[in-house]
Structure formats: structure tokens, C-alpha cells
Amino acid sequence: MTTPVLRTKLPAVGTTIFTRMSALANEHGAVNLGQGFPDFECDPALPGMVADAMRAGHNQYPAMAGVPQLREAISSKISALYGRSYDAASEVTVTAGATQAITTAILCCVHPGDEVIVIEPAYDAYAPAIELAGGVMVPVSMQVGEDGYSIPWDKVAAAAGPRTRLIVINSPHNPTGSVLRRADIDTLAAIVRGTDILLLSDEVYEHMVYDGAVHESVCRYPELAERAFVVSSFGKTYHVTGWKIGYVAAPAALMAEFRKVHQYYVFTVNTPMQHGIAKYMSDPAPYLELAAFYQRKRDLFRDGLQGSRFTLLPADGTYFQCVRYDAISSMPEADFAEWLTRDVKVAAIPVSAFYSQATESGIVRFCFAKKDETLRLALERLAEL
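Quick summary incoming for the structure in this document. (Residues numbered from 1 in each chain as written. Predicted model: local features only at pLDDT ≥ 70, side-chain atom pairs only at ≥ 80, totals over all residues. Heavy atoms only, no water.)

Applying the stated criterion across every chain yields a total of two cavities of 30 Å³ or more. Quantified by volume, the largest cavity comes out at close to 50 Å³. Lining of the largest cavity is provided by I78, Y82, E203, E206, S217, C219, V230, V231, S232, Y247 and A249. Residue assignment for the lining of the largest cavity shows that the elements contributing at least two residues are α3 (68-82), β9 (228-233) and β10 (246-249). Sort the elements by how many residues they give to the lining of the largest cavity and β9 lands first, with three residues. Partitioned by chemical class, the residues of the lining of the largest cavity number seven nonpolar, two polar and two charged. Space inside the second largest cavity adds up to approximately 40 Å³. As for the second largest cavity, its lining consists of I169, S171, L180, I185, S201, E203, H215, E216, S217 and V218. Classifying every residue of the lining of the second largest cavity gives four nonpolar, four polar and two charged. (1 Å grid on protein atoms, 1.4 Å probe; cavity = no way out; pocket = protein on both sides within 12 Å on 5 of 7 lines; lining within 4 Å. Points joined across faces, edges and corners; volume = space filled by probe spheres on them. Helix = DSSP H or I, 4+ residues; strand = E, 2+ residues; numbered from the N terminus. Nonpolar A, V, L, I, M, F, W, Y, C, P; charged D, E, K, R; others polar.)

As C-alpha cells, this is what we get:
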């Protein structure tokens, strides 16, 4: 007996670069600044609230769209921060992490042959979701110079056409650490105005914008919000990436289609954690103070690299720092990242891994969502280069 041959739906997908680099880091005892997760614990009050919810009997299926108290808290937060009121009953859905929210949004609106514009480098979950939906990804590469990464909006406009169903935007941006400014928002609005193009706005790092800047959420702009699925993540905000709880906000007509897919994709999400997060959200301080928390870590890391042979690119948001390494090596990015992990014992991610086609920029990405002592150990090793 032999197992029948299965024709893959994702022929280009293998083991992710994050899994490979983390395994290499473990093998060589490297400081892992590759994969984007903290090595410190969350506020102990938060798991305490989850435990309280378990003991209170919140252990069965919740409502398909999420615990009502949590959806109300999400709606209130968006209203307070960005000035848009989403109806908690019909316009907010709790998801099994932001990646599930992104995939569900794509599956619910992209049909075979529809085009989806993706700005690269890009989070690696976008392309497989588009492929599963039968869509056609249309990549537009960011420009990168001394001032960091920027979106060539003229190329986005040229890529948009009658077959364009969706434009995916991500700010603060993974992997580059760039953020959208008001001028970017205005240009995007001009591109989609008068069309049926939808937006998927990945805002999982919304509370990590630095140097006094504000997060330009699509929620702030009614013209864009009316055509957008807006995604965020409690894992990133509350240092609990392993909990895999996020949410999406969208106008009722879009959310109705989103929930059709959601209810058969995951149906619903971990009940006691939803209750715990809902209670925790009554205090806005943890997310309001997050930018200052991570800016201090960013500055510690950047200051430590100032005397090195790396060239720092701007890091205006997220918990990622991109660097050029051309003064150190001419190796391709993947080879350099492996060498850095194996020989220098600091793991990074090659930015080339975030493109659909081979693209070399001589840039790698570090994650600074780590304990100060972890960052200092990595800096000691990197300073020797």
C-alpha cells in the first residue's frame, strides 16, 4: 500500500525562513534576534485574569464573532484612538491571531482571477492566502535609500486596474520598520477613489510608532475605512504572541462576508482568553505606553550599533531594525544571515525572504523585542565585526 499522491495547492511554500533561522540559532547557541517575539513575560495580571475567567466557568464556545465584552472593548478603543465607531455586534470579529484575520479577509473577497496588489517586502502570509483564494498577486517593490524604505505610489497606481480587487497595506511595516504618513494616506485615497478596490490594512504594530509620530490607521479616514478590513493583534500589543488572538474591524457589509468564512474556518476563538483580555483592556495604559517601552529598546539597540560596520536604516515603527551590511560582506542576504547565526552567534532574518521573487538589497532585519541583557549580549557580538 502506498499513500496517494497529493497535488499541492501551495507549490512554492516550504519551511519558513523564521523556522529555519530559529532552528539554526538553537543549534549554534545564537542570540535569536530573528523571529519576532519577545523573550520576556507579559504583565502577570493578564494571565491572572484569564485564570479567573476559567475558574468562573467561561470554558465553552463563545459567540462565533467573539465574546461581546471583548468586541465592545475593541470598538471603544478604536473610537477613542482613531475617531471611528464600529458597531461591536456587526463590525468587529475576534480571530485566532492576525494571520487568520488576514487569510479570512482575503478568502472572503478574492475570487479566482482577481488581482491583489502587495507592497514588498511583505509579511510572508499574504501570498499563500491569495494563492489559496485563486487570486493573482501583483507585487510592487518599495524603494530603499539612505532615508529608508518608501512606497512608490506611482507604481501602485499603475498596477491598479479593472481586475484589482484588493490592495494590502501594512503600517507600521514588517519587515522594514517604516510607517505610513498622511501624504501616503492621501495618495492611497486618490488611487482607490471611484473604484471598487478594497483594502486590507495590517496594523498589528499599531501601538509601536516612535519619536512622537501618530499611527495613521485607516480607521481615521472614512473614505478608506468604508472599504477596508483593518487587522490588529493582541499578541503583539500585550507580549503574548503564543496566544494567537487578534481581531478585524470592517463595515457591516464586508464583515458579513468575512464571518461566512470565519465560522467555517475556525468558528470561534479561545473563550477564557477573550474574557481575560476584555477585562485587561479596561486600563488603556498598557497599549498607550507601549511606544515608549519599545522606543527605549530601539534606542538601546541603535546606540549599540552606532560604532559598528552596520549601516542603520530608520526604524520609525514595529520592533524591527533593518541594517545594511555591505561594509562587512558581499554575501547574499540568506548566506550572510546564516553566517551571522553560525559564526557570530546572532540570528537575523534576510529581507530577501519577504519578496515573492529573488531580490537582494544587502539588508537583514533584527528584532529588538528582547530583554535588555539579550540585546546587550547581541551587541557585544555584533560590535566585533
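What follows is about helix α13 (residues 290-305). The terminal C-alpha atoms of α13, which comprises 16 residues, lie 23 Å apart, in line with the 22 Å expected from a rise of 1.5 Å per residue. Buried residues of α13: L290, A291, Y294, K297, R298, L300, F301, R302 and L305, and no others. (Expected span 1.5 Å × (residues − 1). Buried < 20%, exposed > 50% of the residue type's maximum accessible area, 1.4 Å probe, protein only.)

Moving on: the layout of surface pockets. As a volume, the largest pocket reaches approximately 740 Å³. Ranked by residue count, the leading element in the lining of the largest pocket is helix α5 (residues 126-132), at four residues. Across the lining of the largest pocket, the residue classes break down as 19 nonpolar, five polar and five charged. Computed from the structure, the second largest pocket encloses a volume of approximately 570 Å³. Around the second largest pocket sit 28 residues that line it, and G36, T99, Y123, K236 and K244 are the ones nearest its centre. For the lining of the second largest pocket, the secondary-structure elements that each account for two or more residues are α1 (17-28), α4 (98-109), α5 and α9 (234-238).

Attention now moves to the nonpolar core. Formed by 61 residues in total, the largest nonpolar core has its most connected members in F229, F310, F366 and L382. Counting residues per element, this core draws most heavily on α4, at seven residues. Of all hydrophobic cores here, the second largest spans 57 residues; its members include Y82, V92, L188 and F234. (Core = buried A, V, L, I, M, F, W, Y, C linked by side-chain atoms within 4.5 Å.)

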